[in-house]
Amino acid sequence: MAARIEPVSGHYMHLEIEGRPHRVYFEEAGEGIPLVCLHTAGADGRQYRAILNDPEITRHFRVIAYDMPWHGKSSPPAGWQEEDYALTSRAYVNQVLAVCEALDLDRPVVMGCSIGGRIVLHLAEEYADRFRALIGLQSSAHVDPYYDLDWLHRPDVHGEVCAAVVSGLVAPASPEADRWETLWHYCQGGPGIFKGDLHFYKIDGDIRDRLHRIDPARCPIHLLTGEYDYSCAPEDTAEVARGIGGGVEPVTMKDMGHFPMSENPDAFRRYLLPVLDAIRARG
Amino acid sequence: MFERLQDRVNADTRLVRRGRLVDAVVLVGAGETRYRLTFRAGRIEAVEKGPFVMPGCTFALHADAEDWDRFAEARPAPGYHDLFALLKRRRLRIEGNLHPFMANLFYFKAVFAALRPEGA
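Residues numbered from 1 in each chain as written. Chains lettered and ligands numbered in written order. Predicted model: local features only at pLDDT ≥ 70, side-chain atom pairs only at ≥ 80, totals over all residues. Heavy atoms only, no water.

Where an unreviewed UniProt entry is consulted, chain B appears under the name SCP2 domain-containing protein, with the organism given as Futiania mangrovi.

Naming follows an unreviewed UniProt entry, where chain A appears as Alpha/beta hydrolase of Futiania mangrovi.

1. Comments concerning the interface of chain B and chain A
How big an interface is tends to be stated in terms of the accessible area lost upon association of its parts. The cut-off we apply is this: We call two residues contacting when some pair of their heavy atoms lies within 4.5 Å. Throughout, buried area stands for the accessible area (probe radius 1.4 Å) lost by two parts on being put together, summed over both. Salt bridge, as used here, is a side-chain nitrogen of Lys or Arg placed within 4 Å of a carboxyl oxygen of Asp or Glu.
At the junction of the two partners, chain B supplies 19 residues and chain A supplies 26 residues. Both sides of the chain B and chain A interface together cover about 1900 Å² of buried area, and 67% of this is carbon and sulfur. When the buried area of chain B at its contact with chain A is split by residue, Lys88, Met102 and Phe106 of chain B rank highest and sum to 32% of it. For the pair chain B and chain A, the interface holds one salt bridge.

2. A short note on the sheet that holds strand E6 (residues 133–137) of chain A
Residues and elements named next belong to chain A. What counts is decided by this rule: Strands were regarded as paired on the criterion that DSSP finds at least two bridges between them. Secondary structure elements are defined from DSSP: runs of H or I of at least 4 residues count as helices, runs of E of at least 2 residues count as strands, and each element is numbered from the N terminus. The axes are straight lines fitted to the C-alpha atoms, using for helices just the contacting stretch, and the angles between their N-to-C directions are given from 0 to 180°.
Read across the sheet, eight strands follow the order E1-E2-E4-E3-E5-E6-E7-E8 without closing on themselves; strand pairing throughout is mixed. Whereas interior strands pair on both sides, the edge strands pair on one side only; in this sheet they are strand E1 (9–17) and strand E8 (251–253). Across the sheet, the mean angle separating the axes of adjacent strands is 25 degrees when strand polarity is ignored. Strand contacts of helix H3 (residues 89–102): E1, strand E3 (33–38) and strand E4 (61–66), with the helix running at about 120 degrees to E1, the strand carrying the most contacts.

3. Concerning the pairing of strand E3 (residues 43–49) of chain B
Residue and element names in this part refer to chain B. The pairing of strand E2 (residues 33–40) with E3 spans six bridges and is antiparallel. Within the sheet, the bridge partner assigned to Leu37 lies in E3 and is Val47. A loop of two residues connects E2 with E3, the two strands running antiparallel in sequence, and Ala41 in this loop sits at a positive phi of about 50 degrees.

4. Some points on the sheet that holds strand E5 (residues 92–96) of chain B
Residue and element names in this part refer to chain B. The strand order across the open sheet formed by five strands is E3-E2-E1-E4-E5, and the pairing between neighbours is mixed. The open sheet has two edge strands, E3 and E5, and neither has a second partner. Taken over all neighbouring pairs, the strand axes of this sheet differ in orientation by 20 degrees on average, direction set aside. Where strand E1 (residues 23–30) lies against E2, eight bridges are found, and the strand directions are antiparallel. Note on E2: the bridge partner recorded for Ala30 is Thr33. Helix H6 (residues 105–113) contacts E1, E2, E3 and strand E4 (59–63) of the sheet and is inclined by roughly 130 degrees relative to E2.

5. Overview of a positive patch on the surface
All names here are of chain B. For the record, the criterion: Patches here are clusters of residues that have more than 30% relative accessible area and form no salt bridge, with a 9 Å joining cutoff for like charges and a 5 Å cutoff for nonpolar side chains (Val, Leu, Ile, Met, Phe, Trp, Tyr). Exposure was quantified through the Shrake-Rupley algorithm and a 1.4 Å probe, taking into account, for residues, occlusion by the shown protein chains and nothing else. Charge assignment in this entry is limited to Lys and Arg as positive and Asp and Glu as negative, and neither His nor the chain termini are counted. The atom standing in for a charge is NZ when the residue is Lys, CZ when it is Arg, CG when it is Asp and CD when it is Glu. Exposure is judged per residue with a 1.4 Å probe applied to protein chains only, and the accessible area is read against the type maximum: over 50% gives exposed, under 20% gives buried, and values in between give partly exposed.
Side chains of Arg14, Arg17, Arg18 and Arg20 sit close together on the surface and give a patch of like positive charge. Here Arg14 shows up in helix H2 (residues 13–18). With relative accessibility at 71%, the residue Arg14 sits in the exposed group.

6. Overview of the nonpolar core
The cut-off we apply is this: In these notes, a set of buried Ala, Val, Leu, Ile, Met, Phe, Trp, Tyr and Cys residues joined through side-chain atoms within 4.5 Å is what counts as a nonpolar core.
Ranked by size, the top nonpolar core spans 108 residues in total, and within it Tyr147 of chain A together with Trp68, Phe84 and Phe112 of chain B carry the most contacts. When residues in this core are grouped by element, the largest group, seven residues, is from H3 of chain A.

7. Observations regarding the packing of aromatic side chains
The description of an aromatic ring pair rests on the distance of the ring centres and on the angle between the ring planes. Residue and element names in this part refer to chain B. Defined as follows: Centres within 6.5 Å make a pair out of two Phe, Tyr or Trp rings, where for Trp the six-membered ring is used; the pair is then stacked when the planes are under 30 degrees apart, edge-to-face when over 60, and tilted otherwise. Two conditions define a charge sitting above a ring: the NZ of Lys or the CZ of Arg must be within 6 Å of the ring centre, and it must be within 35 degrees of the ring normal.
Under the definition given, this model contains 20 aromatic pairs over all chains. Ring centres 5.7 Å apart and planes at 25 degrees place the aromatic pair Trp68 and Phe112 in the stacked group. Taken as a pair, Trp68 in helix H3 (residues 65–71) and Phe112 in helix H6 lie far apart in primary sequence, 44 residues in all. As far as the burial class goes, Trp68 and Phe112 line up, both buried. Members of the aromatic cluster, connected to one another through ring pairs, are Phe2, Tyr35, Trp68, Phe71 and Phe112. Above the ring of Tyr80, the side-chain terminus of Arg70 is found at 4.0 Å from the ring centroid. One cation-aromatic arrangement involves Arg116 over Phe71; the distance from NZ or CZ to the ring centre is 4.3 Å.

8. Some thoughts on the UniProt feature "domain: AB hydrolase-1" (unreviewed entry) in chain A
Threshold: UniProt positions are given in the numbering used here, feature names are shortened, and annotations may be inferred rather than shown by experiment.
As annotated by UniProt and renumbered to match this structure, "domain: AB hydrolase-1" (unreviewed entry) occupies residues 34–139 of chain A. Summarising residues 34–139 of chain A: 33% helix, 20% strand, and an end-to-end C-alpha distance of 21 Å.

9. A look at the side chain of His222 of chain A
Residue and element names in this part refer to chain A. With respect to the secondary-structure elements, His222 resides in strand E7 (residues 221–226). For His222, a relative accessible area of 16% translates into the label buried. In this structure His222 touches Leu134, Ile135, Gly136, Val275, Ile279 and Arg282, once residues within four positions along its chain are discounted.

10. Observations regarding helix H7 (residues 193–204) of chain A
Counted only if it meets this: Here the expected span of a helix is defined as 1.5 Å times the quantity of residues minus one.
Between its terminal C-alpha atoms H7 of chain A stretches 15 Å, which fits the 16 Å expected from twelve residues at 1.5 Å a residue. When we look at burial in H7 of chain A, the residues that qualify are Ile193, Phe194, Gly196, Asp197, Leu198, Phe200, Tyr201 and Lys202 of chain A.

11. Quick look at the environment of Pro76 of chain B
Secondary-structure assignment places Pro76 of chain B in the loop between H3 and helix H4 (83–88). Considering only alpha carbons, one finds Pro76 of chain B and Ala63 of chain B, 13 residues apart in sequence, at a separation of 16 Å. Filtering out sequence-adjacent residues up to four positions away, Pro76 of chain B remains in contact with Tyr228 of chain A together with Arg70, Phe71, His81 and Arg116 of chain B.

12. Overview of the packing of H3 of chain A against helix H4 (residues 115–127) of chain A
Residue and element names in this part refer to chain A. Just so we agree on the cut-off: Every angle not falling under 35 degrees, over 145, or within 65 to 115 is termed oblique; those three ranges are roughly parallel, roughly antiparallel and roughly perpendicular. Amino acids outside the nonpolar list (Ala, Val, Leu, Ile, Met, Phe, Trp, Tyr, Cys, Pro) and the charged list (Asp, Glu, Lys, Arg) are all regarded as polar, and Gly is one of them.
Across the interface, H3 lies against H4 with an axial gap of 10 Å and an inter-helix angle of 80 degrees. By the angle class used here, H3 and H4 are roughly perpendicular. Each of Ser89, Arg90, Tyr92, Val93, Val96 and Leu97 in H3 lies in contact with H4, whose residues at this interface are Ile115, Gly116, Ile119, His122, Leu123, Glu126 and Tyr127. Class assignment for the residues of the contact of H3 with H4 results in eight nonpolar, three polar and two charged.

Have a look at this one:
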């Protein structure tokens with residue numbers, strides 16, 4: 001039987017991020033409005049495999065999912081062995097801007113999940129005019145640490161602990177194959193990378209005191225949150241909407257956890273398609 | 001309720017294999033009631049119900065009895081569906097030597113998920 005080849009292509013791009021040369025892997029599919037997809041902490045762009053393969057989406061959107069530096073098939077910058085990876089708000093914002101500029105994207109939509117759902121709030125505050133719309137999945141303004149992050153990077157604990165830590169963030173009803181595909185990505189993360197991403201998520205990326213500067217009239221913001229996510233619970237997203245002060249209506253996704261696009265793609269698209277339709281209608 | 005873990009865990013060959021390096025004594029508090037679970041090579045050798053006098057343990061997990069009940073439901077509500085969900089909501093306390101717990105986190109999560117009805 002002949003193989004079924006997905007209509008997704010992968011490329012490596014070379015670009016400078018904050019003055020350092022990087023080799024970044026991305027996958028893309030479709031034509032139309034650029035839709036840049038940001039994966040969760042400690043994972044990679046494979047989380048968007050279903051979006052990249054969804055003809056209803058790729059008919060109107062050029063879907064681009066890149067692996068952040070240090071993640072997936074992207075390389076860490078040269079000299080990585082001499083440093084501890086710790087993502088900051090500034091570095092993350094600059095990374096997203098650099099990728100959009102390097103690919104010459106015209107006012108893209110950016111959709112991010114978890115740390116990606118946080119960074120879209122930073123983009124909304126600082127660079128609203130550069131984006132057509134922003135979609136935050138599992139968006140919160142901050143998360144208090146609730147376990148000791150040092151367990152995520154120790155030579156005497158296997159890295160699969162990262163997958164075990166997040167396993168409960170997948171909703172109970174999500175399909176088994178997609179649940180374990182999602183956790184496999186976490187099993188494959190480089191040493192210390194999940195922990196380094198959480199530096200942004202739990203410490204540096206706190207945006208509570210700047211939410212009021214976000215103006216959804218300049219750039220529409222859509223927030224979708226799974227009800228089983230205890231890392232970013234629906235009430236955390238509601239707090240974001242209140243902090244922005246109007247113009248954002250968060251949607252709670254039933255029977256969904258922290259990784260909607262990856263843990264239950266079929267259920268997620270029912271929430272995403274109306275959002276994409278609204279973005280397209282605005283032009 | 002923790003007595004039922006012994007048969008369920010020991011009958012699950014994949015789970016026992018996953019925990020093959022686990023040797024630990026785990027104290028579980030459900031409100032005022034104490035249980036002591038003895039793990040050897042991924043099997044549960046004994047489940048004893050307290051009260052105990054000065055029980056030693058590798059690590060201990062404490063939650064209210066009602067929270068364990070909700071955790072053990074076939075389809076737990078959001079916030080009760082995972083040990084770390086309880087931890088995030090400050091409904092669970094974990095103390096002691098956490099190295100075996102974290103190094104075998106998939107195993108211990110599955111062990112406690114076995115409180116739920118089979119097939120859940």
